[in-house]
Amino acid sequence: MDKQCKINAFRTGLAQFVTFEEDEWEILSQHLSFSTLKKKEHFIVEGKVCDYMCFITRGAVRYYHIKDGQEITGYFSFENELMSAYKSFLKRTLNTNYIQAIEETDLVMISYQNLQQMLSHPLLALKMERFGRLVAEHYICCYEDRVTAFITQSPEERYTMLEKTAKDIFQRIPQHFIANFLGITPVSLSRIRKRTLLQ
């Protein structure tokens, strides 16, 4: 994907939160940078400060923690989604998890420094503030849905919901990551998949 295609995808992705006029977009686009993560490469690791928020134009990443030497997958992000270690990025604190590319992944990036410049720019400040608020609201809702699912749903119900909302995840993500995300073992996931196929 060439640079202009990445920029266009990013602009389309932002439109779900806020739209920018041409003169505003011309300024905003000057604050963008680009990167590609190789498969298994980390975007951020534990103990580092996250300096970027990103938009994925191609690929997939997983968010995970390490506890007692075991990796615990908590979330995935795919094309046309924002990605960052948000607490570390916003608060400038040391990160507590890992974000790793599952596939080769193209990113459009905004650095913390550039975000601050846009927030203080007279033409961009209001819309960037709105963008930040709406993104925060979006991820608070995602987090609440995730917590609620673990409290109220069985592993099979969580699997069924994942199948409805992100069906291609099963073709793109290794089964042991998905099982970990659902809070079950790979063997249990295999059993659930077999049962649902027979229904």
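Residue indices follow the written sequence of each chain, beginning from 1 at its first position. The predicted nature of this model means local features are confined to residues of pLDDT at least 70 and side-chain atom pairs, given and counted, to a pLDDT of 80 or more, with totals for whole chains, interfaces and linings taken over all residues. Working from all heavy atoms in the structure, the side-chain values ignore hydrogens and water.

- An unreviewed UniProt entry lists the protein chain under the name cAMP-binding protein, with Pedobacter zeae given as the organism.

### Considerations on the overall build of the protein chain
Then, number 1: Helix numbering and strand numbering both begin at the N terminus, where a helix is a DSSP run of H or I of at least 4 residues and a strand a DSSP run of E of at least 2. Check the secondary structure of the protein chain and you find 9 helices and 8 strands.
Then, number 2: Radius of gyration (C-alpha) of the protein chain: 18 Å, near the 16 Å computed for a compact globule of 199 residues.
Then, number 3: With the principal axes as the frame, the protein chain shows a C-alpha extent of 55 × 35 × 35 Å.
Then, number 4: Per-residue accessibility, obtained with a 1.4 Å probe over protein chains only, is compared with the maximum for each type, and a residue is labelled buried under 20%, exposed over 50%, and partly exposed between these values. A total of 199 residues make up the protein chain; the buried ones form 41% of that total.
Then, number 5: Long-range contacts, defined here as pairs at least 24 residues apart, represent 70% of the contacts in the protein chain between residues at least 6 apart.
Then, number 6: Per-residue and other accessible areas follow the Shrake-Rupley method at a 1.4 Å probe size, with only the shown protein chains counted as cover for residues. Carbon and sulfur atoms make up 54% of the accessible area of the protein chain, which amounts to about 11,400 Å² in all. The globule rule used here is 2.2 Å times the number of residues to the 0.38 power, and the radius of gyration it is set against is calculated over C-alpha atoms. In this description, contact between two residues means that some pair of their heavy atoms is separated by no more than 4.5 Å.

### Examining helix H2 (residues 22-29)
Then, number 1: Those residues of H2 not exposed but buried are Glu24, Trp25, Ile27 and Leu28. Buried residues of H2 fall within an arc of 160° about the axis and therefore sit on the same side. In H2, the exposed positions angled more than 90 degrees off the buried face are occupied by Glu22 and Glu26.
Then, number 2: If you follow the buried residues of H2, they end up packed against helix H1 (3-14), strand E1 (32-37), helix H4 (112-119) and helix H5 (125-152). Arc, as used here, means the arc of the directions from the helix axis to the C-beta atoms.

### Some details on the nonpolar core
Then, number 1: By convention a nonpolar core is built from buried Ala, Val, Leu, Ile, Met, Phe, Trp, Tyr and Cys residues, the set being connected through side-chain atoms within 4.5 Å. Counting 38 residues, the largest nonpolar core has Phe10, Leu28, Phe43, Met83 and Phe131 as its most contacted members.
Then, number 2: Filtering out sequence-adjacent residues up to four positions away, Met83 remains in contact with Phe43, Met53, Cys54, Ile56, Val61, Tyr63, Ile99 and Leu107.
Then, number 3: Ranked by size, the runner-up nonpolar core spans 18 residues in total, among them Phe76, Ala166, Phe177 and Ala179.

### Things to note about the pattern of salt bridges
Then, number 1: Salt bridges are counted wherever a side-chain nitrogen of Lys or Arg sits within 4 Å of a carboxyl oxygen of Asp or Glu. What the rule picks out here adds up to 11 salt bridges.
Then, number 2: Glu104 is the partner of Arg58 in a salt bridge, and the nearest nitrogen-oxygen pair spans 2.8 Å. Of this pair, Arg58 sits in strand E3 (residues 52-58) while Glu104 sits in the loop between strand E7 (98-101) and strand E8 (105-111); the two residues are 46 residues apart in sequence, bridging distant segments of the chain.
Then, number 3: Given a relative accessible area of 41%, Glu104 falls into the partly exposed group.

### Quick notes on the sheet that holds strand E2 (residues 42-44)
Then, number 1: A pair of strands counts as paired when DSSP detects no fewer than two bridges linking them. The strand order across the open sheet built from 4 strands is E2-E7-E4-E5, with neighbouring strands paired in antiparallel fashion. At either margin of the open sheet sits one strand with a lone partner, and together these are E2 and strand E5 (70-78). Geometrically, the sheet is characterised by an average inter-axis angle of 30° between neighbouring strands, direction not taken into account.
Then, number 2: Note: strand E4 (residues 60-67) against E7, 4 bridges, orientation antiparallel. What sits directly across from Arg62, in E7, is Gln100.
Then, number 3: Across the sheet, helix H8 (residues 175-182) lies against E4 and E5, angled at about 95° from E5, the strand it touches most. Orientation is described by lines fitted to C-alpha atoms, with helices fitted over the stretch in contact, and by angles between N-to-C directions that extend from 0 to 180 degrees.

### Digging into unusual backbone geometry
Then, number 1: For Lys40, which is not glycine, the phi torsion reads 75° and is therefore positive.
Then, number 2: Following the sequence through the fold, Lys40 ends up in the loop between E1 and E2.
Then, number 3: Notably, Arg92 is not glycine yet its phi reads approximately 60°, a positive angle.
Then, number 4: As for its placement among the helices and strands, Arg92 is situated in the loop between helix H3 (86-91) and E7.
Then, number 5: Of the residues examined, Arg92 reaches a relative accessible area of 31% and is grouped as partly exposed.

### Structural notes on the packing of H4 against H5
Then, number 1: Packing of H4 against H5 leaves a shortest axis separation of 7 Å and a crossing angle of 125°. In terms of axis orientation, H4 runs oblique to H5. Residue-level contacts link Leu115, Met118 and Leu119 of H4 to Ala125, Met128 and Glu129 of H5.
Then, number 2: For this scheme, ten residues count as nonpolar: Ala, Val, Leu, Ile, Met, Phe, Trp, Tyr, Cys and Pro. Four count as charged, namely Asp, Glu, Lys and Arg, and the remainder, Gly too, count as polar. Here the residues of the contact of H4 with H5 sort into 5 nonpolar, no polar and 1 charged. Any angle between 65 and 115 degrees counts as roughly perpendicular, while under 35 counts as roughly parallel, over 145 as roughly antiparallel, and the rest as oblique.

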